Every structure is written in C-alpha cells, then in structure tokens.
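# Observations on chain architecture
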Amino acid sequence: MELIEAPEVTANVLVNVCSVCDRLADELFMLASVPEELAAIIKPNAATPNPANVCSRCIDLFTRALRQIESQPIFEQNDFVLPTPLRMDADERFTGRGVTMAFLDSGFYAHPDLTEPTNRILAYHSIFSTAGDQTSLQTNDVASWHGMMTSVVAAGNGGLAKGFYRGIASDANVVLVKIGRTGRISEAQIQKGLEWVLDHAKEFQIRVVNISAGGDFEESYLTNSLSRTVERCARAGLTVVCAVGNAGHMPGHPVLPPASAPACIAVGGLDDQNSLDRARRGMYRSSYGPTIDGLQKPEVIAPGIWVAAPILPQTPTAEEAELYSELHALPDDELREAIKAHSGIDKDLDQAADLRIPLLRQLITIKLREGNVINQDYKYVDGTSFAAPIVSSIVACMLEANPRLQPPQIKRILIETAERVHDIEVDRQGWGVVNARRAVELALQRRER
C-alpha cells in the first residue's frame, strides 16, 4: 500500500498551545500550511471552532488517520471484515466432515478453534524431531503463528467468535506438519514434510494437503525432486493445494516449486475489497506463470487479502488487540482510567491518556486499523498463504460431498466452476475465482451419476 509522507509545514512560535489537542507544545505550525486533505480531517476534531495552529503530535496522529482512510477503503460497504464462508458463498450443508487435511508450515499452535469442543488435530509432526516435538504445538513461539493461521483459516470453527469467523471446512480433521523454525523454509524441508504425509496418509486418511510455502528457485518439474513428490501425492489420491507466491510485482513474477508442479492446484490471490459486489473484484499481487515448463499457474484464485485469521494467544500482539478492542467498546468516561490500568502495553496510548476524548477515539481507531485488528481474538491478514487454505477447505467439502473424487477430477471441477474476473489477464487469474457452492454441487452431481 502506498504511504503518505508527513507534510512539510511552517513553524509558528507565537502560541504554545495547540488549537487541536489543547496541549502545550514545543513547536506549532500554521494550520493553513497543512495540505488540504489533511487539514480537512484535523479541523472537525479541533478544540476550538477556528483552529489556527497545530502541533507536531497532532500532525502525526492525523497523518496516520489519513493514511488508514486512503489505504483501507474496505469498510465502505461493511463495517466489519466479512467471514470467509459468506464471501465465498459456501454451501453450509458441507463443512468437511470426515475429511482429513494436512498442513505443511513453519510451525503451529493448538488453537481453540481446532481443539474445542472436540480436538480435531489428529496428529502433529515436526521434521526436526523424531520424537514428535509435541511441546512446540503448545508453545506460542515466533514460528507458530503462520501455520496456526493457515490451518484455522481452512478448518477453524470460529469458536472464539461464536462461529462467525469459521473456516469453510469447520468440521474437518487436521494433521499438522512443522517444516520450519525461523527464517526461510527450504525446498528440502518442504519435501521432507510431504514425504511424511505420503507415508502416513492411510493412517490418518489424509485427502488434502495444503502447502503455504515456496521452494528455492525455478526448475522444470521433470528434474525437480519436490515437484516429482507432488506428482506422487496426486497418484496416491492426495490433492495438493499450493500458494503460488506473492511476487506478482517482481520482474518475472516467478512461480516456484511446489506450486509449479502440474498435479498441484496453485492458488493466486483475489482482492474482493471486503465486498460481496463482484464488480469490485481485483487482483492481489500474487505470482503467475507461465512456469518454466510453460504451464498456466495459478489455476484459480481466492481471497488473498482481508482474510480473517486468529491472533496467536498470549503474545504482545494478542495483548494489544485485547486492549484496543476493550477501549473501542468502552464509554468515553472510562477510557482514561482503562488506559492507565493497562499502562505499558502501548506507548502511544500511554502518552495520549490526557488527550481530548475525540482525539483519543481517533487514536484508538488508528491502532485498530494499523494492527489489522478485528477483535481481541482475530485480525485480517493477506498473502496467497491464506488464499490456498480457502481453496483447500473447499476441496474438503467437495470430498465430503463425493469421497470418490480423485485429484484430477477435483482440479477439473474447480476450473470448470471458477468465475473469471473482468479485465484481468488470464495469466494472472488462471481460470478465475473459485466458486465454493458450484464446486460442491458439481462434486455431488458426479457422485449421483
């Protein structure tokens, strides 16, 4: 997103009280010298009817507010982030019951949306420990958040939001395979995790594999070991869904293994502007082909931005989200005491506790938006890492509707039912946006033949 640089303004040293926040300031600026679009949101919030000056702290505050207004127009039609089943028009009769999905990712956390009221985590495996490394599934370390989000985006039941922010496959079972620690995940690590899934697919009845990680460099699937393993998975009845990557803005926009493998379903990113209006659809900055072998990738796209996902519990991010959400809900006369009671969580709020209430409200809103906070338990995220599990969850529902489907049939149905985005190049979107309802309906029809 494009950021707006802080405006250059002219100093006014005649008055030392800001007309906007009514606080003493070392340096003040003529409000007339502030850019018009910034002044337009400063004036209605000023302490005096005709403000003449503004302090640097208020300039920073409202520059941040303006940045959020311009960069996040997603709340024009809805004042909340749309849940995935709603934005994808998913058929609520199918929720992945009886289907097991495997997730390969840097790390995981046993989130309540997967474990309560029933623990649907059938197995956890770390490629770094022959003993299973069970402790890290209960540890909220730096590697845990990404895999926690991908698995919950697909299969979470939304329990912490009373079911509102659930995944499309909210009744599916999951197998979690840790393939990373910190930093970049190597192709060899992805392959090791995928081979473990192959070896244990029958044991846990795994039918879908989600990989939200990319390989090392472009290489033909004929010689690339990871791509060949993906092909083995498909022959074994495993549908492999891969994030295509987020390099659409880079030269060559490369598609790396495993997403470049012919047998996988590579998923790009849709930007639906947090709206159900199809006319607002556009593209996320996802990678696209043709691949080094001349293959069309991605095959389909799904929301890659404004995706609701869980916040890793018992972390500074979770503590901040809880505070912002609490303050947002409090009446005006309780705000200052609440900020003081939570001193040390957020430095900006600590320093702003004596601000006028309208400005304090403005800062709280900014904090919610800057942190992408939905509420104390969920935030909105972006990346094809989260588009892929949406498609994986649809595949799980297709298999619930028709367990006899094989990977090539699943890919064909997704392609046949996808919806093209108007005025977007075929190379970028493949066959278009996945249609959850139509894909499941077609899967069901082919079972009844």
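Refer to the preceding data block for the structure.
Let me sum up the structure you'll find in this document. (Residues numbered from 1 in each chain as written. Predicted model: local features only at pLDDT ≥ 70, side-chain atom pairs only at ≥ 80, totals over all residues. Heavy atoms only, no water.)

All right, on to the overall build of the protein chain then. Along the backbone of the protein chain there are 15 helices and 13 strands. Relative to the 2.2 N^0.38 estimate, which gives 22 Å for 449 residues, the radius of gyration of the protein chain is 24 Å and therefore close to what a compact globule would have. For the protein chain, the spread of C-alpha atoms along the principal axes amounts to about 80 × 45 × 40 Å. Put simply, the protein chain has 449 residues, and 58% of those count as buried. Averaging the positions of the 43 positive and the 57 negative side-chain charges in the protein chain gives two centres separated by 7 Å. (Helix = DSSP H or I, 4+ residues; strand = E, 2+ residues; numbered from the N terminus. Rg over C-alpha atoms; globule rule 2.2 N^0.38 Å. Buried < 20%, exposed > 50% of the residue type's maximum accessible area, 1.4 Å probe, protein only. Lys, Arg positive; Asp, Glu negative; His and termini not counted. Charge placed at Lys NZ, Arg CZ, Asp CG, Glu CD.)

This brings us to the nonpolar core. Core analysis: the biggest nonpolar cluster contains 65 residues, and Met101, Val267, Val391, Ile394, Met398 and Leu414 have the highest contact counts within it. Element by element, the count of residues in this core is highest for helix H12 (residues 384-401), at 12 residues. The next biggest cluster of nonpolar side chains, apart from the first, holds 44 residues, and it includes Cys18, Ala25, Ala353 and Leu368. (Core = buried A, V, L, I, M, F, W, Y, C linked by side-chain atoms within 4.5 Å.)

Before going further, it helps to spend a moment on the environment of Gly98. Within the secondary structure, Gly98 sits in the loop between helix H3 (84-87) and strand S4 (100-105). The exposure class of Gly98 is exposed, given its relative accessible area of 64%. Once the C-alpha coordinates of Gly98 and Gln409 are considered, the two residues, 311 residues apart in sequence, prove to be 19 Å apart.

The full count for this structure, using the stated rule, is five aromatic pairs. Here Phe80 and Phe164 contribute two aromatic rings whose centre-to-centre distance is 5.8 Å and whose plane-to-plane angle is 65 degrees, an arrangement assigned as edge-to-face. With Phe80 in the loop between helix H2 (56-71) and H3 and Phe164 in the loop between helix H5 (144-155) and strand S6 (173-178), this residue pair connects regions lying 84 residues apart in the sequence. Arranged with centres 5.7 Å apart and planes meeting at 40 degrees, the rings of Tyr165 and Tyr378 form a pair that is tilted. You can see Tyr165 sitting in the loop between H5 and S6 and its partner Tyr378 sitting in strand S13 (residues 378-381), a full 213 residues away along the chain. A single burial state applies to Tyr165 and to Tyr378, both of which are buried. (Phe/Tyr/Trp six-rings, centres within 6.5 Å; stacked < 30°, edge-to-face > 60°.)

The subject of this paragraph is helix H6 (residues 187-204). When the terminal C-alpha atoms of H6 are compared, their 24 Å separation across 18 residues agrees well with the 26 Å that a helix rising 1.5 Å per residue should span. The largest bend along H6 reaches roughly 35 degrees and is located at Leu198. Turning to H6, its buried residues number three or more, namely Glu187, Ile190, Gln191, Gly193, Leu194, Trp196, Val197, Leu198, Ala201 and Phe204. Contacts made by the buried residues of H6 are with S4, strand S5 (121-126), S6, strand S7 (206-211) and helix H7 (225-235). Of the residues one or two after H6, Gln205 is the one with positive phi, at around 55 degrees. (Expected span 1.5 Å × (residues − 1). Bend = angle between axes of the 7 residues up to and from the residue. Contact = heavy atoms within 4.5 Å.)

A word on the packing of H12 against helix H13 (residues 407-417). The contact between H12 and H13 brings their axes to 11 Å, and the two run at 115 degrees. Considering the angle they form, H12 stands roughly perpendicular to H13. For the pair H12 and H13, the crossing hand works out as right-handed. On H13, the residues that touch Val391, Ile394, Val395, Met398 and Leu399 of H12 are Ile410, Ile413 and Leu414. Its residues assigned to classes, the contact of H12 with H13 shows eight nonpolar, no polar and no charged. (Axes fitted to C-alpha atoms, helices over the stretch in contact; angles between N-to-C directions. Parallel < 35°, antiparallel > 145°, perpendicular 65-115°, else oblique. Left-handed = near helix turned anticlockwise from the far one by under 90°. Nonpolar A, V, L, I, M, F, W, Y, C, P; charged D, E, K, R; others polar.)

The subject of this paragraph is the pairing of S4. Extensive coverage of S4 is indicated by the burial of six of its six residues. Note that S4 and S6 share six bridges and pair parallel. Paired with Asp105 across the two strands is Lys178, which belongs to S6. Across five bridges, S4 lies against S7 in parallel orientation. Bridge pairing links Thr100 to Ile206 in S7. (Pairing = 2+ DSSP bridges.)

This part is about empty space enclosed by the protein. Taken as a whole and judged by the stated rule, the model has two cavities of 30 Å³ or more. The volume enclosed by the largest cavity comes to roughly 70 Å³. Lining of the largest cavity is provided by Thr84, Val152, Val153, Tyr165, Arg166, Gly167, Ala308, Ala309, Pro310 and Tyr378. When contributions to the lining of the largest cavity are tallied by element, the ones reaching two or more residues are H5 and strand S12 (307-310). Per-element tally for the lining of the largest cavity: the top contributor is S12, with three residues. Taken together, the residues that form the lining of the largest cavity break down as seven nonpolar, two polar and one charged. Taken together, Ala90, Asp91, Phe94, Ile168, Ile394, Cys397, Ala436 and Val440 make up the lining of the second largest cavity. Of the residues contributing to the lining of the second largest cavity, the split by class is seven nonpolar, no polar and one charged. (1 Å grid on protein atoms, 1.4 Å probe; cavity = no way out; pocket = protein on both sides within 12 Å on 5 of 7 lines; lining within 4 Å. Points joined across faces, edges and corners; volume = space filled by probe spheres on them.)

Leftover empty space is mapped by rolling, across the atoms, a probe with the size of a water molecule. Considered as a void within the structure, the largest pocket measures approximately 280 Å³ in volume. Lining the largest pocket are 18 residues; nearest its centre among them are Ala213, Gly214, Gly245, Asn246 and Thr384. Its residues assigned to classes, the lining of the largest pocket shows six nonpolar, 10 polar and two charged.

As enumerated under the stated definition, the model contains 18 salt bridges in all. The partner of Asp171 in a salt bridge is Arg97, and the shortest N-O contact between them spans 3.5 Å. Placement of Asp171 in the loop between H5 and S6 and of Arg97 in the loop between H3 and S4 is noted, with a sequence separation of 74 residues between them. Notably, a salt bridge pairs Asp346 with Lys367, separated by 3.1 Å at the nearest N-O pair. Of the two residues, Asp346 sits in the loop between helix H9 (335-341) and helix H10 (347-351) while Lys367 sits in helix H11 (residues 357-370), which places them 21 residues apart along the sequence. (Salt bridge = Lys/Arg side-chain N within 4 Å of Asp/Glu carboxyl O.)

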